[in-house]
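Structural overview for review
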Amino acid sequence: MGNIFTAFLVGGLICVLGQLLFDLTPLTPGHILSAFTVGGGVLGAFGVYDGLIEFAGAGALLPISSFGNALVKGAMSEAARTGILGVLTGMFELTSTGITAAIIFGFFMALIFKPRG
Amino acid sequence: MIYSSPDKGAHFLVDRRWVSEWTGFKHPRPPVFKNAVSAFLFGGLVCLLGQLVLELFLSLGMPQQQAGNPTVAIFIFAAALLTGLGVFDSIAQVAGAGVAIPVTGFANSVTAMAIEFRREGLVQGTASKMFALAGPVIVFGVVTAFVIGIISAIL
């Protein structure tokens, strides 16, 4: 599942793509991050993103495109197992960690830290 | 590419196009090459550190399918803590997309909104506004996965 060199290279290149979109197009960060998520999902549908994770490890797992890939994989695999309702039940099967961690840590940081300014 | 603290310079970067339209002030073109190099170095570094954490979990005998989860959780915790401490902004000023595209950017936007709107209360502020910036990522990700999932179930 990748090594530190492929993780650095692929992770770095994905971030360069995001930076270039931000500097050279009128897209906002919200647009760009959404586009990366959708892109990861589409690549996931064809199994391409799994190959990228196999090659680059965390270089493909940490960028937000991985979130789209995991949503698609959760929906597709559960739909294949239990039928069309699996799209609803399997959606967050693989991405639960990210969303739960963001809510929990975000909430507790808001309890601990005061807003600045 | 920075989300937090509307009253600091960071937020200005996000909306610089909008701001220049509004004030008529022409901002200098962004240093595209320099920004791209920093995004590569910082983004690569975040993923390299992620790989070390991932390999640690793999070496503890965790199966490949699962080792990504605690790795992601650790980076979300680190980004949330750095946001709370006010350090994330300073890093993001230099790193740009290098910390915004990885899951650290997602965690930063959730935490920054949660803290920023704490003054409006835990319910109406923190909990309501938490996903104000990160929401589109979840919505478009889920819509994409729904459409693809339905198509895959029918085919």
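To start, this report covers the structure provided alongside it.

Conventions and cut-offs
- Residues numbered from 1 in each chain as written.
- Chains lettered and ligands numbered in written order.
- Predicted model: local features only at pLDDT ≥ 70, side-chain atom pairs only at ≥ 80, totals over all residues.
- Helix = DSSP H or I, 4+ residues; strand = E, 2+ residues; numbered from the N terminus.
- Contact = placed C-beta atoms within 7 Å.
- Expected span 1.5 Å × (residues − 1).
- Buried ≥ 20, exposed ≤ 12 C-beta atoms within 10 Å, placed from the backbone.
- Core = buried A, V, L, I, M, F, W, Y, C linked by C-beta atoms within 7 Å.
- Nonpolar A, V, L, I, M, F, W, Y, C, P; charged D, E, K, R; others polar.
- Axes fitted to C-alpha atoms, helices over the stretch in contact; angles between N-to-C directions.
- Left-handed = near helix turned anticlockwise from the far one by under 90°.
- Parallel < 35°, antiparallel > 145°, perpendicular 65-115°, else oblique.

**A short note on the overall build of chain B**
Across its full length, chain B holds nine helices and zero strands. Ordered by position in the sequence, the α and β elements of chain B form the string α-α-α-α-α-α-α-α-α. Pairs at least 24 residues apart make up 59% of the contacts formed inside chain B by residues separated by at least 6 positions.

**Description of helix α7 (residues 103–116) of chain B**
Between its first and last C-alpha, α7(B) extends 20 Å over 14 residues, near the 20 Å set by a 1.5 Å rise per residue. With 14 of its 14 residues buried, α7(B) lies for the most part within the structure.

**Overview of the nonpolar core**
Counting residues in hydrophobic clusters, the biggest one holds 80 residues, and the most contacted among them are A75(A), I76(B), A107(B) and V110(B). For this core, the element with the most residues is helix α3 (residues 32–59) of chain B, which contributes ten residues. Not counting the four nearest positions on each side in its chain, A75(A) is found in contact with V87(A), G90(A), M91(A), A145(B), F146(B), I148(B) and G149(B).

**Re the interface of chain B and chain A**
Between chain B and chain A, the contact holds 70 residues from the first and 63 residues from the second. Those elements that provide at least two residues to the side of chain B that touches chain A are α3, α4 (64–84), α6 (97–100), α7 and α9 (135–154) of chain B. Counting residues per element, the side of chain B that touches chain A draws most heavily on α3(B), at 16 residues. Taken together, the residues of the side of chain B that touches chain A sort by class into 42 nonpolar, 22 polar and six charged.

**Here's the deal with α3(B)**
With 28 residues, α3(B) should cover 40 Å at 1.5 Å per step; its first-to-last C-alpha distance of 40 Å lies within 8% of that length. Within two residues after α3(B), G61(B) carries a phi angle of roughly 95°, on the positive side.

**Quick word on the packing of helix α1 (residues 4–24) of chain A against helix α2 (residues 29–45) of chain A**
Residues and elements named next belong to chain A. Across the interface, α1 lies against α2 with an axial gap of 10 Å and an inter-helix angle of 145°. By crossing handedness, the relation of α1 to α2 is classed as right-handed. When α1 is examined against α2, the residues G18, L21 and F22 are found in contact with a partner set consisting of P29, I32 and F36. Counted by class, the contact of α1 with α2 contains five nonpolar, one polar and no charged residues.

**What to know about the environment of V99(B)**
Residue and element names in this part refer to chain B. Within the secondary structure layout, V99 lies in helix α6. Accessibility expressed as a C-beta count within 10 Å gives 27 for V99, which makes it buried. If near-sequence neighbours (up to four positions away) are discounted, V99 is found in contact with F42, V46, I91, A92, T104 and G105.

**Re the packing of helix α7 (residues 96–112) of chain A against α4(B)**
Where α7(A) meets α4(B), the closest approach of the two axes is 9 Å, and the angle between their N-to-C directions is 25°. In terms of orientation, α7(A) lies roughly parallel with respect to α4(B). Remark: the crossing between α7(A) and α4(B) carries right-handed chirality. Contact residues: T97(A), G98(A), A101(A), A102(A), F105(A), G106(A), M109(A) and I112(A) in α7(A); N69(B), V72(B), A73(B), I76(B), F77(B), A80(B), L81(B), T83(B) and G84(B) in α4(B). For the contact of α7(A) with α4(B), the class distribution of residues is eleven nonpolar, six polar and no charged.

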